[in-house]
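Reading the structure
The residues making up each chain are set out below.
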Amino acid sequence: MAQVAAPHLVVHSLREQIREHILDGIVSGRWKPGERIVERRIAVELEVSQTPVREALRELETLRLIESAPNKGVRVRGLTAADVKESYPVRAGLEQVAAELAAAALADDPGPLEREVAALRAADAALDDEAQVRHTVAFHHELVRAADNGVLLHVWESLGIEVWTTLSMRWLSPAPRAYADEHQELVDAFTARDPRIGELIKSHVLSCAPQV
């Protein structure tokens, strides 16, 4: 069974690779809002069985990027900036809690965050939007992981952060941003043991939401 080529993403399963392939097609406009996505055609194109394609489509439907109906198949939802923005207050609240729980650990060892900032700096310089997405998500994933709370991590991951960040940064962002600089400010706040760290993280996440 062939593997889907996705060099810009760190993936852990065939289903995830297929999900990213479909997501890229939605973001790039290959599949327009209301257009049908045919499971069998994707399976043939990627030289895989229909089972992982079906699983990937089910995940994207859970995230409300696509919708299915009896006898009509799977179609791309007509997403708006407002749809994408809905997840950000929830994410901001979760990351505020994570930051407060992880504050001491990240003050002592900000290395996981610093590595992602360094990668973001290179991505910013190269105007590599795919790397910007990847390392922005990784930065926030490391932040939540540092909270050492399995329930919090599970809920955060269930929001499909990578998917919504991809849409926000590659589809709906009005202009390029210096992602490394704004994330470095957060690292500095952790190392300085800023008592406002939770609020700073919350404000940062909300500032990343698409404008409506």
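Just so it is clear, the structure is predicted and the values come from calculations on it, not from any experiment. (Residues numbered from 1 in each chain as written. Predicted model: local features only at pLDDT ≥ 70, side-chain atom pairs only at ≥ 80, totals over all residues. Heavy atoms only, no water.)

1. Observations regarding the overall build of the protein chain
Put simply, the rule is: Strands here mean DSSP runs of E at least two residues long; helices mean DSSP runs of H or I at least four residues long; both are numbered from the N terminus. Radius of gyration: over C-alpha atoms. The globule rule applied is 2.2 Å multiplied by the number of residues raised to the 0.38 power. For every residue, the accessible area (1.4 Å probe, protein chains only) is compared with the maximum for its type, and the residue is labelled buried under 20%, exposed over 50%, or partly exposed between those bounds. Here, two residues are considered to be in contact whenever any of their heavy atoms come within 4.5 Å of each other. Note on areas: Shrake-Rupley with a 1.4 Å probe; residue coverage comes only from the protein chains shown. We score Asp and Glu as negative and Lys and Arg as positive, and we do not count His or the chain ends. Think of each charge as sitting on NZ of Lys, CZ of Arg, CG of Asp or CD of Glu.
Along the backbone of the protein chain there are 11 helices and 3 strands. Reading the secondary structure of the protein chain in the N-to-C direction produces α-β-α-α-β-β-α-α-α-α-α-α-α-α. Here the protein chain has a C-alpha radius of gyration of 18 Å; the compact-globule value for 212 residues is 17 Å, and the two agree. Across its three principal directions, the C-alpha atoms of the protein chain cover 55 × 35 × 35 Å. Counting the 212 residues in the protein chain, one finds 48% classified as buried. Taking the contacts inside the protein chain whose residues are at least 6 apart along the sequence as the reference set, 70% of them involve residues at least 24 apart. Accessible surface, the protein chain as shown: approximately 10,600 Å² in total, 52% of it carbon and sulfur. Where the 24 positive side-chain charges of the protein chain centre and where its 33 negative ones centre are 8 Å apart.

2. Some details on the sheet that holds strand S1 (residues 36-37)
Backbone-to-backbone hydrogen bonds pair the strands of a sheet. The strands run either parallel or antiparallel. As a reminder of what qualifies: DSSP bridges decide pairing: two strands pair if at least two such bridges lie between them.
Taking strand neighbours across the sheet as the criterion, the 3 strands line up as S1-S3-S2 in an open arrangement whose pairing is antiparallel. Among the strands making up the open sheet, the edge pair consists of S1 and strand S2 (66-69). Relative to strand S3 (residues 73-76), S2 is paired through 4 bridges, and the arrangement is antiparallel. Bridge pairing in S3 places Glu 67 opposite Arg 75.

3. Some thoughts on the pattern of salt bridges
Applied cut-off: We define a salt bridge as a side-chain nitrogen of Lys or Arg found within 4 Å of a carboxyl oxygen belonging to Asp or Glu.
With the rule as written, the count across this model stands at 11 salt bridges. Across the salt bridge formed by Arg 91 and Glu 95, the nearest N and O atoms sit 2.7 Å from each other. With a gap of 4 residues between them, Arg 91 and Glu 95 both fall in helix H5 (residues 87-108), about one helical turn apart. The exposure classification of Arg 91 matches that of Glu 95, with both residues buried. In this structure, the salt-bridge partner of Glu 142 is Arg 145, at a minimum N-O distance of 3.6 Å. In this pair, Glu 142 and Arg 145 are both assigned in helix H7 (residues 129-146), 3 residues apart and thus about one turn of the helix distant. Members of the salt-bridge network, linked through shared partners, are Arg 15, Arg 19, Glu 20 and Glu 59.

4. Overview of empty space enclosed by the protein
This is how the line gets drawn: Think of a 1 Å grid over the protein atoms and nothing else: a 1.4 Å probe that fits but is trapped marks a cavity, an open set flanked by protein within 12 Å on at least five of seven lines marks a pocket, and residues with an atom within 4 Å of a point count as lining. Grid points are joined across faces, edges and corners, and a volume is the space filled by probe spheres set on the points. In this classification, the charged set is Asp, Glu, Lys and Arg, the nonpolar set is Ala, Val, Leu, Ile, Met, Phe, Trp, Tyr, Cys and Pro, and all remaining amino acids, among them Gly, are polar.
Evaluated as defined, the whole model comprises 2 cavities of 30 Å³ or more. There is about 30 Å³ of room inside the second largest cavity. Along its surface, the second largest cavity is lined by Ser 87, Tyr 88, Arg 91, Leu 159, Ile 161, Trp 164 and Thr 165. For the lining of the second largest cavity, the secondary-structure elements that each account for two or more residues are H5 and helix H9 (161-172). Residue composition of the lining of the second largest cavity, by class: 4 nonpolar, 2 polar and 1 charged.

5. What about the nonpolar core?
Proteins that are soluble and globular tend to have nonpolar side chains buried together. Selection criterion: Each nonpolar core is a collection of buried residues, namely Ala, Val, Leu, Ile, Met, Phe, Trp, Tyr and Cys, held together in the definition by side-chain atoms within 4.5 Å.
Within the largest apolar cluster, 58 residues are counted, with the highest numbers of intra-cluster contacts made by Ile 18, Ile 22, Ile 37 and Leu 143. With 7 residues, H5 is the largest single contributor of residues to this core.

6. What about helix H1 (residues 14-28)?
Rule in force here: One less than the residue count of a helix, multiplied by 1.5 Å, gives the span that helix is expected to have.
Over its 15 residues, H1 extends 21 Å from the first C-alpha to the last, a length consistent with the 21 Å expected when each residue adds 1.5 Å. Along H1, 13 of the 15 residues are buried, which leaves the element largely enclosed by surrounding structure. Two residues or fewer after H1 comes Gly 29, characterised by a positive phi angle close to 95°.

7. Quick word on a positive patch on the surface
The condition is simple: Patch building starts from residues that exceed 30% relative accessible area and form no salt bridge, then joins like charges within 9 Å and nonpolar side chains (Val, Leu, Ile, Met, Phe, Trp, Tyr) within 5 Å.
There is a patch of like positive charges on the surface, built from Arg 36, Arg 40, Arg 41, Lys 72 and Arg 75. Positionally, Arg 36 belongs in strand S1.

From the geometry alone we can't say anything about function, so treat these as descriptive.
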